[in-house]
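Next come the chains, spelled out residue by residue.
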Amino acid sequence: MMVKAMDVTVGNPARKLVLLKLADNANDEGECWPSYGNIAKHCEISRRSAIAHVKSLCDAGLVSKCLRVGEKGNKSNKFFLHFGGEKSAPLETDNTYSRGENSAPSGVKKTALGGEKSAPRTSQLDPVNKRSIVELENSTPDNHVSDDVKSVVEHLNNQTGSRFQPKGQTAKLINARLNDGFSNHELIQVINHKVREWGSDARMCQYLRPTTLFNVNKFPGYLSQAKNIQSGVVVESARDWVPDDDDTSWINSLHDSP
């Protein structure tokens, strides 16, 4: 999703950040659930501007949204990304920025990202294949997917109602944990544990996804929690900790020199 989002011109740098934020949170089907406050925090804009930019992306055909209602009656937005059917978006001049965005001091010229073909997007390349590493990660052939990967993805989809596919980044993460010595049963154990902990929480349920559950730094801790609870050991919940909210490294790549 991030690769596709980077190639889309939306005519406004803050709006491009909002689109990249949605793409970063989206699953393989282009679905995500970040709040407007979360979008505003990561894009360093006001909540009002975040709402306005999402509306503009919807008007351009890049995004659609619907209302989600949880079991306890709590409501949140669900966003869907649509690449390929978007309308053309004219570039905005220095005087047409949305109000409320103070990302650059007065007198500093603001430049629309993705609008100048003379400054190509930078991307980390694989030294052998000369292809984007992100592209390589998402090009796992279906016929190379193991039964273990398929069973883990199928279980995650059944438990969360999602439609993740056993390929690309999802397959890469699962294979990495299996290669670390964890079993298929332990991956499923973590899924069951986190579904019980986060499944009814409108804020946390968006993290029931492979990039969070099978993260190399987080998975061992999740598994330890699951095993402790199964054995009757009381552990302190990390419910107030948002797994990926502090990971804004994708924004830094926008400032790399071409």
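Model, not experiment: these values are computed from the prediction.

What counts and what doesn't
Residues numbered from 1 in each chain as written. Predicted model: local features only at pLDDT ≥ 70, side-chain atom pairs only at ≥ 80, totals over all residues. Heavy atoms only, no water. pLDDT = per-residue confidence, 0-100. Contact = heavy atoms within 4.5 Å. Helix = DSSP H or I, 4+ residues; strand = E, 2+ residues; numbered from the N terminus. Expected span 1.5 Å × (residues − 1). Buried < 20%, exposed > 50% of the residue type's maximum accessible area, 1.4 Å probe, protein only. Axes fitted to C-alpha atoms, helices over the stretch in contact; angles between N-to-C directions. Parallel < 35°, antiparallel > 145°, perpendicular 65-115°, else oblique. Nonpolar A, V, L, I, M, F, W, Y, C, P; charged D, E, K, R; others polar. Phe/Tyr/Trp six-rings, centres within 6.5 Å; stacked < 30°, edge-to-face > 60°.

Enquirer: Hey, could you run me through the confidence of the model for the protein in this one?
Expert: In low-pLDDT segments, the atomic positions of the prediction should not be examined closely. The predicted model of the protein has a mean per-residue pLDDT of 74, with 66% of residues at 70 or higher. In this model residues 86-140 is a low-confidence stretch, pLDDT under 50, and it forms 75 contacts with partners more than four residues away in sequence or in other chains.

Enquirer: Would you explain helix 6 (residues 147-160) in this entry?
Expert: For the α-helix, the turn length of 3.6 residues means that residues three or four positions removed from each other point alike. For helix 6, spanning 14 residues, the distance from its first C-alpha to its last is 20 Å, which sits close to the expected 20 Å at 1.5 Å a residue. Three or more residues of helix 6 are buried, namely Val149, Val152, Val153, His155, Leu156 and Asn157. The inward-facing, buried residues of helix 6 abut helix 7 (168-179), helix 8 (184-198) and helix 9 (210-213).

Enquirer: I keep staring at the packing of helix 2 (residues 13-25) against helix 4 (residues 47-59) and nothing clicks. Help me out?
Expert: Helix-helix packing is described using two parameters, namely the angle between the two axes and the distance between the axes. Running from N to C, helix 2 and helix 4 point in directions that differ by 80°, and their axes come no closer than 9 Å. Accordingly, the angle class assigned to the pair helix 2 and helix 4 is roughly perpendicular. In this structure, helix 2 contributes Ala14, Arg15, Val18, Leu19 and Leu22 to the contact, and helix 4 contributes His53, Val54, Ser56 and Leu57. Class assignment of the residues belonging to the contact of helix 2 with helix 4 gives a composition of 6 nonpolar, 2 polar and 1 charged.

Enquirer: Would you take a moment to explain the packing of aromatic side chains for this structure?
Expert: The geometry of an aromatic ring pair is captured by the separation of the ring centres together with the interplanar angle, meaning the angle of the planes. One pass over the full model with this rule turns up 4 aromatic pairs. Their ring planes at 75° and their centres at 4.8 Å tell us that Phe182 and Phe219 sit as a pair that is edge-to-face. Note that Phe182 is positioned in the loop between helix 7 and helix 8 and Phe219 in helix 10 (residues 219-230), a separation of 37 residues in sequence. Residue classification places Phe219 among the buried residues on the basis of a relative accessible area of 0%. On the numbers, 6.2 Å between centres and 50° between planes, the contact of Phe214 with Phe219 is tilted. Each member of the pair, Phe214 as well as Phe219, carries the same accessibility label: buried.

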